[in-house]
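As a plain string of letters, each chain reads:
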Amino acid sequence: MTKNLLVELGLEELPAYVVTPSEKQLGKRMAAFLNDKRLAFDSIQTFSTPRRLAVRVTGLADAQTDLTEDFKGPSKKIALDADGQFTKAAQGFVRGKGLTTDDIEFREVKGEEYVYVTKHEAGKSAEEVLKDLPEILAAMTFPVNMHWANNTFEYIRPVHTLTVLLDDEDLDLDFLDIHSGRVSRGHRFLGHEVEIANADSYEDDLRQVFVIADAKERQDMIVNQIKAIEKAQNVQVEIDDDLLNEVLNLVEYPTAFMGSFDTKYLDVPEEVLVTSMKNHQRYFVVRDQDGKLMPNFISVRNGNDQYLDNVIKGNEKVLVARLEDGEFFWCEDQKLKIADLVAKLDNVTFHEKIGSLSEHMKRSKVIAAYLAEKAGATETEKAALARAAEIYKFDLLTGMVGEFDELQGIMGEKYALLAGEEPGVATAIREHYLPNAADGDLPETKVGALLALADKLDTILSFFSVGLIPSGSNDPYALRRATAGVVRIMDVFGLTIPMDELLDDLYALSFDSLTYEHKAEVMDFIRARVEKMMPAKTPKDIREAVLASTNLIVPEMLETVDALVAASQTEGYKAAVESLSRVFNLAEKAPTGVSVDASLFENDDEKALDKATQDLTLSGTASDKLAQLFALSPVIDKFFDNTMVMVDNEAVKNNRLAILSQLSSKASRVAAFNKLNTK
């Protein structure tokens, strides 16, 4: 016979960003708990609102499964003394299992007998096992915690109720200072405390007190209400997934409505209006059927539709205050001069250990000029890049960016265009911040990409140089994101600048404001980000082989990963890799500075391998290069079949090692083949 289990933890309002991950975590912890306790179940459903986390287990067995385990102990010769009596070793072994020596039997394993005992454990009832349920709640982890009242135990928010029902029976449990029962809380303003009749009536019982416990149902309500407004008003509403998830986790009983604002604010740049609505007020943006921004917004109330007119007026009033700020700064900022703002950046600290923002920009300008040469930029692109590098942080001192920091770069582009700057310069100012997230948009122009690279590279090198190096998950200056941006830009724009060469050149630059240090750590940091760019299913050995290659051109490294993964599925892969791996392993023994001397060849196979190595050009795609290397497999195998490399004659041995070293040197431009696993 099976039952259904409900566990609900009632809390103070959770931060919106915590709700969904915590709901998922609770479900996973419940599944792990039941599996560990040998309590079978059919399915697990999770629930969440800003004031509760809950889980329901359906088809829960009424008892644990019985457990039968065999335990292997010491060998017979250790378990028995000379008189055939059980030794202390045997007695201690069975005592540790809760058994006696009467339970011992001997079994033969590979020709020798060992002590074995079999332990039978009858399954406990579900009610007895579920007494440990609070350990699930105690084990929950959150980004931030707090403690309250006299509790020393920290949790995400104060706990008010604990509801635990097995079908219609409330279980007697405690968590923190809360005693479990069947009472839950309804909507903070529209509801009241409510008794949950049984595990299956949970959603219906809460619905009566204006709580929609199922997050999916709540989300569908929001989306359907917005779509109904769209249809009624003949508009389009942007339902941004991140904003939808945030709004979903701010309300327990959603009611969507449309508000409006004065059309005069449409003269303010659209980005300002959208930022005010989405980022600051959690409103959905409204457009007409042609995609033009309308003086309207969609918000979601935490409650029913009563007195909705008052709610709309209140939201409109709050939004207008934000829009007034935006309009004011838009007008005032246009009175400023870019040159004056740039001059003031001398007094803005980039970081107290690194210097001013102005010094950072000057270093970035030098790096940008270097990158422009390496990337083959045109003279027009170089001129635009140089100008952009001189001014690209000026908008940080405008009133608009001071109030809406999400608009940095965006307002820089707009103000630069108003000041008469070339479009390419203005675009680069906006694009230098990209990507602003792990998978965010990349620059679209070459000038913007080069400025973004320069800015990020100086940021990385500067922070590393003063010892502010990320460790573990700690990365307060977002250097991992900056480095990932560098790697992604170089890949997408096909910049064939070797990263080791790039760092060597950058570290050779001389800046009065800062001397770069920790080059090796920076290189390792970049390699780690390249590895993150590799497809998730890339085998570990292929990752390591490419990262250990001498080719540190990002686009080519990522292309090689794909080529090796594809090649690993082909018939000749194993043999070819083993041949090249043997070359790499022996080449490590080659003395430095020894070149191949043809007069020391003693057989035709030496000549053949040397010629094949000299003729090897490794051109084309990564797949082409692999094919060229794999084609050498017969020549390599024949060389090893008929040639002893490590002979007593030092000159001959070193000559043969030199052949292998030259081949290894060329092949390592593709991958370190001795790191590939063919077993």
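Just above, that's the structure.
The following refers to the structure shown. Counting starts from 1 at the beginning of each chain's written sequence and moves along it residue by residue. Local features in this predicted model are restricted to residues of pLDDT 70 or higher, and side-chain atom pairs are both shown and tallied only at a pLDDT of 80 or more, whereas totals for entire chains, interfaces and linings draw on every residue. Side-chain numbers come from the whole structure's heavy atoms, not from hydrogens or water.

1. Side note on the overall build of the chain
Then, in step 1: Elements are defined by DSSP. Helices are runs of H or I of four residues or more, strands are runs of E of two residues or more, and each kind is numbered from the N terminus. In terms of helices and strands, the chain carries 27 helices and 18 strands.
Then, in step 2: As a reference, a globule follows 2.2 Å times the number of residues to the power 0.38, and the radius of gyration itself is taken over C-alpha atoms. Computed over the C-alpha atoms, the radius of gyration of the chain is 34 Å, more than 25% above the 26 Å expected from 2.2 N^0.38 for a compact globule of 679 residues.
Then, in step 3: Overall, the chain is about 100 × 100 × 45 Å in size when its C-alpha atoms are taken along their principal axes.
Then, in step 4: Out of the 679 residues in the chain, the part that is buried amounts to 49%.
Then, in step 5: Two residues form a contact once any of their heavy atoms are found within 4.5 Å. Of all intrachain contacts in the chain linking residues separated by at least 6 positions in sequence, the fraction that spans at least 24 positions is 68%.
Then, in step 6: We get accessible surface area from the Shrake-Rupley algorithm with a probe of 1.4 Å; when it comes to residues, only the shown protein chains can shield them. Of the accessible surface of the chain, which amounts to about 32600 Å², a share of 48% is contributed by carbon and sulfur atoms.
Then, in step 7: Considering the chain, the positive charge centre built from 76 side chains and the negative charge centre built from 113 side chains are found 2 Å apart. Exposure categories follow from relative accessible area, calculated using a 1.4 Å probe and restricted to protein chains: below 20% of the type maximum is buried, above 50% is exposed, and the middle band is partly exposed. In this tally, Asp and Glu contribute negative charge and Lys and Arg positive charge; neither His nor the terminal groups of the chain are included. Every charge is mapped to an atom, namely NZ of Lys, CZ of Arg, CG of Asp or CD of Glu.

2. Details of the sheet that holds strand 5 (residues 105-109)
Then, in step 1: Two strands pair if DSSP finds at least two bridges between them. Reading across from one edge, 4-6-5 is the order of the three strands in this open sheet, with antiparallel pairing throughout. Both edges of this open sheet fall to strand 4 (67-75) and strand 5, since each of them pairs with a single strand only. Adjacent strand axes in the sheet meet at a mean angle of 40° when their direction is disregarded.
Then, in step 2: Where strand 4 meets strand 6 (residues 112-121), seven bridges bridge the pair, whose relative direction is antiparallel. Within the sheet, the bridge partner assigned to Asp-70 lies in strand 6 and is Thr-118.
Then, in step 3: Contacts from helix 3 (residues 88-96) reach strand 4 and strand 6, with the element oriented near 165° to strand 4. Axis definition: a line fit to C-alpha positions, over the contact stretch in the case of helices; interaxial angles, taken between N-to-C directions, run 0 to 180 degrees.

3. Concerning the nonpolar core
Then, in step 1: Grouped together as the largest cluster of nonpolar side chains are 131 residues, with contacts concentrated most on Leu-371, Phe-630 and Phe-673.
Then, in step 2: With near-sequence residues (within four places) excluded, Phe-630 lies in contact with Ala-567, Tyr-573, Ala-576, Val-577, Leu-580 and Phe-673.
Then, in step 3: Nonpolar cores were defined as sets of buried Ala, Val, Leu, Ile, Met, Phe, Trp, Tyr and Cys residues, with membership established by side-chain atoms within 4.5 Å. Core analysis: the second largest hydrophobic core is formed by 35 residues, Val-19, Leu-39, Tyr-155 and Val-164 among them.

4. Quick notes on the layout of surface pockets
Then, in step 1: Definitions used throughout: a 1 Å grid over protein atoms alone; a cavity as a set of points that fits a 1.4 Å probe which cannot get out; a pocket as an open set with protein on both sides within 12 Å along at least five of seven lines; a lining residue as one with an atom within 4 Å of a point. Grid points are joined across faces, edges and corners, and a volume is the space filled by probe spheres set on the points. Here the largest pocket defines a volume of roughly 1100 Å³.
Then, in step 2: Around the largest pocket, the lining comprises 34 residues; the ones closest to its centre are Gln-408, Tyr-433, Leu-434, Pro-435 and Asn-436.
Then, in step 3: Those elements giving two or more residues to the lining of the largest pocket turn out to be helix 12 (357-374), helix 15 (410-418), helix 16 (423-431), helix 17 (446-465) and helix 18 (479-492).
Then, in step 4: Per element, the largest residue contribution to the lining of the largest pocket is four residues, and it comes from helix 17.
Then, in step 5: Think of it as three bins: nonpolar holds Ala, Val, Leu, Ile, Met, Phe, Trp, Tyr, Cys and Pro, charged holds Asp, Glu, Lys and Arg, and polar takes everything else, Gly as well. Classifying every residue of the lining of the largest pocket gives 14 nonpolar, seven polar and 13 charged.
Then, in step 6: The calculated volume of the second largest pocket comes to roughly 360 Å³.
Then, in step 7: Surrounding the second largest pocket, Glu-238, Asp-240, Asp-242, Leu-243, Glu-246, Glu-271, Val-274, Thr-275, Lys-278, Asn-279, Glu-406 and Ile-410 form its lining.
Then, in step 8: Secondary structure elements with two or more residues in the lining of the second largest pocket: helix 8 (241-248) and helix 9 (270-280).
Then, in step 9: In terms of residue count, the dominant contributor to the lining of the second largest pocket is helix 9 (five residues).
Then, in step 10: Its residues assigned to classes, the lining of the second largest pocket shows three nonpolar, two polar and seven charged.

5. Comments concerning helix 24 (residues 604-615)
Then, in step 1: Between the first and last residue of a helix there are one fewer steps than residues, each counted as 1.5 Å, and that sum is the expected span. The terminal C-alpha atoms of helix 24 lie 16 Å apart, and with 12 residues this matches the ideal 16 Å at 1.5 Å per residue to within 8%.
Then, in step 2: Turning to helix 24, its buried residues number three or more, namely Asp-605, Glu-606, Leu-609, Asp-610, Ala-612 and Thr-613. One side of helix 24 carries all its buried residues, which in axial view fall inside an arc of 160°. Turned more than 90 degrees away from the buried face of helix 24, the exposed residues are Asp-604 and Lys-611.
Then, in step 3: Buried residues in helix 24 make contact with helix 26 (633-642) and helix 27 (650-667).
Then, in step 4: Backbone nitrogen of Asp-605 and a side-chain oxygen of the N-cap are separated by 2.9 Å at the start of helix 24; the cap is Asn-603. Note that the arc is computed from the directions linking the helix axis to the C-beta atoms. N or O atoms within 3.5 Å of each other form a polar contact, as long as, within protein, one can give a hydrogen and the other can take it, and as long as residues adjacent in sequence are counted only when both atoms are side-chain atoms.

6. Focus on the environment of Arg-322
Then, in step 1: With respect to the element layout, Arg-322 can be found in helix 10 (residues 308-333).
Then, in step 2: Each C-alpha atom, one on Arg-322 and one on Arg-157, is 30 Å from the other, the two residues being 165 residues apart in sequence.
Then, in step 3: Among all residues touching Arg-322, those that are not within four sequence positions of it are Ser-276, His-280, Gln-281, Glu-403 and Phe-404.

7. Quick notes on the packing of aromatic side chains
Then, in step 1: Aromatic rings from Phe, Tyr and Trp, taking only the six-membered ring of Trp, are treated as a pair when their centres fall within 6.5 Å; an angle between ring planes under 30 degrees marks them as stacked, one over 60 as edge-to-face, and anything in between as tilted. For the structure on display, the rule yields 19 aromatic pairs.
Then, in step 2: Plain terms: the ring middles of Phe-153 and Phe-175 are 6.3 Å apart, the flat faces sit at 80° to each other, and that makes the pair edge-to-face. Separated by 22 residues along the polypeptide, Phe-153 in the loop between helix 5 (134-139) and strand 7 (159-166) and Phe-175 in strand 9 (residues 174-175) bring together distant segments of the chain.
Then, in step 3: Here Phe-153 falls in the partly exposed class, since its relative accessible area comes to 31%.
Then, in step 4: Look at Phe-175 and you get buried, because its relative accessible area is 4%.
Then, in step 5: Directly above the aromatic system of Phe-106 lies the positively charged group of Lys-76, at a separation of 5.1 Å from the ring centroid. Criterion for a charge above a ring: Lys NZ or Arg CZ within 6 Å of the ring centre, and within 35 degrees of the ring normal.

8. Focus on the pattern of salt bridges
Then, in step 1: One speaks of a salt bridge when a side-chain nitrogen belonging to Lys or Arg is within 4 Å of a carboxyl oxygen belonging to Asp or Glu. A full pass over the atoms with the stated rule returns 46 salt bridges.
Then, in step 2: Close ionic contact of Glu-403 with Arg-322 constitutes a salt bridge, the shortest N to O distance being 3.6 Å. In this pair, Glu-403 sits in helix 14 (residues 399-403) while Arg-322 sits in helix 10, placing the two residues 81 residues apart along the sequence.
Then, in step 3: Of the residues examined, Glu-403 reaches a relative accessible area of 29% and is grouped as partly exposed.
Then, in step 4: Notably, a salt bridge pairs Asp-458 with Arg-363, separated by 2.8 Å at the nearest N-O pair. One end of the pair, Asp-458, is in helix 17; the other, Arg-363, is in helix 12, and 95 residues separate them in sequence.
Then, in step 5: Connected through shared salt-bridge partners, Glu-8, Glu-12, Glu-13, Arg-51, Arg-52, Arg-188 and Glu-252 make up one network.

9. Side note on empty space enclosed by the protein
Then, in step 1: Applying the stated rule across the entire model yields one cavity of 30 Å³ or more.
Then, in step 2: Size it by volume and the largest cavity reaches roughly 30 Å³.
Then, in step 3: If you trace the largest cavity, you find it lined by Val-7, Leu-133, Pro-134, Leu-137, Leu-162, Val-164 and Leu-173.
Then, in step 4: Elements represented by at least two residues in the lining of the largest cavity include exactly helix 5 and strand 7.

10. Let's talk about the packing of helix 16 against helix 17
The relative placement of two packed helices comes down to the angle between their axes together with the axis-to-axis distance.
Then, in step 1: Between helix 16 and helix 17, the shortest axis-to-axis distance is 8 Å and the interhelical angle comes to 40°. Regarding the angle of helix 16 to helix 17, the classification is oblique. Handedness of the helix 16/helix 17 crossing: right-handed. Contacts from Gly-424, Ala-428, Ile-429 and Glu-431 of helix 16 reach helix 17 at Val-447, Gly-448, Ala-449, Leu-451 and Ala-452.
Then, in step 2: Grouping the constituent residues of the contact of helix 16 with helix 17 by class yields six nonpolar, two polar and one charged. Small angles under 35 degrees read as roughly parallel and large ones over 145 as roughly antiparallel, with 65 to 115 read as roughly perpendicular and the rest as oblique. Should the near helix be turned anticlockwise from the far one by less than a right angle, the crossing is left-handed, and should it be turned clockwise, the crossing is right-handed.

11. Structural notes on the pairing of strand 2 (residues 43-49)
Then, in step 1: Relative to strand 3 (residues 52-61), strand 2 is paired through seven bridges, and the arrangement is antiparallel. Paired with Ser-48 across the bridge in strand 3 is Leu-53.
Then, in step 2: Hairpin geometry of strand 2 and strand 3 is characterised by an intervening segment of two residues between the two adjacent antiparallel strands.

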